[in-house]
Amino acid sequence: MQQQNSGTIVVFGATGQQGGAVVDGLLSRGARVRALVRTPESDRAQALAARGVELAAFRIDEPAAQVAALDGAGAFSFMTPDSGSPEEIEDEVRLGAALVDAAVAARVPHVVFNSVSGAERDSGVAHFASKGRVEQYLRQSGLRATVVRPTAFMESFAHVPLTVEDGELVLKMPLPDGVGLKLVALKDIGQVAAAILVGAADVPGGAIEVVADQLTGTQIAAAFGAHAGFPARYEALPLSAVTDIEDRAMFRWFAQAATYPADLAAVRAIEPAVWDLPAWIRSSGWTAPADSGRR
Ligand SMILES: NC(=O)c1ccc[n+]([C@@H]2O[C@H](COP(=O)([O-])OP(=O)(O)OC[C@H]3O[C@@H](n4cnc5c(N)ncnc54)[C@H](OP(=O)(O)O)[C@@H]3O)[C@@H](O)[C@H]2O)c1
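Note that residues are indexed from 1 along each chain, following the sequence as it is written. Reporting in this predicted model follows two pLDDT cut-offs: at least 70 for local features of residues, and 80 or more for side-chain atom pairs to be given and counted; totals over whole chains, interfaces and linings ignore these cut-offs and use all residues. Hydrogens and water molecules were not included; the side-chain quantities draw on all heavy atoms of the structure.

**Q** Would you take a moment to explain the sheet that holds strand S6 (residues 145-150) for this structure?
**A** Strand pairs in the sheet, formed through backbone hydrogen bonds, run parallel or antiparallel to each other. Between any two strands, at least two bridges found by DSSP are needed for them to pair. The secondary structure listing takes helices from DSSP runs of H or I that are at least 4 residues long and strands from runs of E that are at least 2 residues long, numbered from the N terminus. Strand order across the open sheet formed by 7 strands is S3-S2-S1-S4-S5-S6-S11, with parallel pairing between neighbours. Strands at the two margins of the open sheet, each flanked by one partner only, are strand S3 (54-57) and strand S11 (207-210). Here the average twist between neighbouring strands, direction ignored, is 20°. Sheet topology note: the strand S1 (residues 8-12)/strand S2 (residues 33-37) ladder contains 4 bridges and is parallel. By the bridge assignment, Val-10 is partnered in S2 with Arg-34. To get an axis, a line is fitted to the C-alpha atoms, and for a helix only the part in contact is used. The angle between two axes follows their N-to-C directions and goes from 0 to 180 degrees.

**Q** Help me out: how do you make sense of the sheet that holds strand S8 (residues 162-165) in this one?
**A** An order of S8-S9-S13 is seen for the 3 strands of this open sheet, with the pairing classed as mixed. If you trace the sheet from one side to the other, it starts and ends with S8 and strand S13 (232-236), each paired once. The mean inter-strand angle of the sheet, taken between neighbouring strand axes irrespective of direction, is 30°.

**Q** Just checking my understanding: could you explain the environment of Val-100 for this structure?
**A** The topology assignment puts Val-100 in helix H4 (residues 86-105). On a C-alpha basis, the gap between Val-100 and Leu-143 in space is 8.6 Å, while along the polypeptide they are 43 residues apart. Apart from residues lying up to four places away in sequence, Val-100 is in contact with Phe-78, Tyr-137, Leu-138, Ser-141 and Leu-143. Working rule for contacts: check all heavy atoms of both residues, and any pair within 4.5 Å makes them a contact.

**Q** What is the right way to read the pairing of strand S4 (residues 73-79) from this model?
**A** As a general feature of sheets, a regular strand has side chains that alternate between the two faces. Burial classification: accessible surface area is computed with a 1.4 Å probe over protein chains only, and a residue below 20% of its type maximum counts as buried, one above 50% as exposed, and the rest as partly exposed. Counting buried residues along S4, 7 of its 7 residues qualify, which places the element largely inside the surrounding structure. When S1 meets S4, the two strands line up parallel, connected through 4 bridges. By the bridge assignment, Ile-9 is partnered in S4 with Ala-75. Running through H4, the crossover from S4 to the neighbouring parallel element strand S5 (residues 111-114) is right-handed. The definition of a right-handed crossover adopted here requires that, viewed with the strands pointing away, the path from the first strand over the helix to the second runs clockwise.

In structure tokens form, the structure reads like this:
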């Protein structure tokens, strides 16, 4: 694979899921990586250092230190952390804007922002709209920028209630059956971002939705059931079953997002070995829960 960007790639969020996957993708391409971390002595930061990642300390209230950490960067990858309350939303945007400002001051030649699919539309989800604001701030910065917009993480199924009831695998989600939920594994978010960061992939239009599979509730249940050797059933819950307002808005959006075409080919053009859901299930070590016996 051609590596056009041989400079150090700086990654913000490297101790987290997405940033960690970006680091994995970069290291697998032989890139030099510097992680911008708020707690360099943490176990996760030290685990990065043990893999050859340089650590630079991050403080949101120390812009000069951020600029210094970006010194000489060939490219910069950042994401913004989860938010929910109005205060957290503003913190998220402030953090994103501070990172963009630092990249401007350090004259970073290419910035890749891991946003979210839907940030570019009127999703009705506050923590998607916040990423839309960061995208806009980045666009207006004059930096060369690429936006990577991941769809729902396959890893979320580690938290979605999957049960086994009288030998049948049951999946329940607040999403009507027949709606194709867009999914991607963290590994592929990292691989796509890394390919763009090292200059091995170009994104026409400067933004890409990172989607690897699109499946209805029944199809998702069937994939888990097939892996576990159980027949499977999907139960669509009503939106009213979701108590968290932000989660309710998100599932309402997922149903709407299914109507926008998923450009799987664009993602495969960058990462041919992209995982569909069965591949993720196999790799994740997921096992079916004990049979609750209820029906
Ligand atoms: N779940 C999904 O399906 C999905 C899909 C698309 C997009 N997203 C978006 O992905 C984002 C979450 O990504 P993730 O799962 O990779 O997050 P994560 O695993 O929670 O990692 C967050 C990273 O940000 C750092 N961080 C958090 N708050 C910080 C702060 N105030 N200052 C400096 N660093 C801070 C953390 O560092 P420490 O190690 O120091 O804590 C960590 O490296 C959310 O914005 C979410 O909306 C999620």
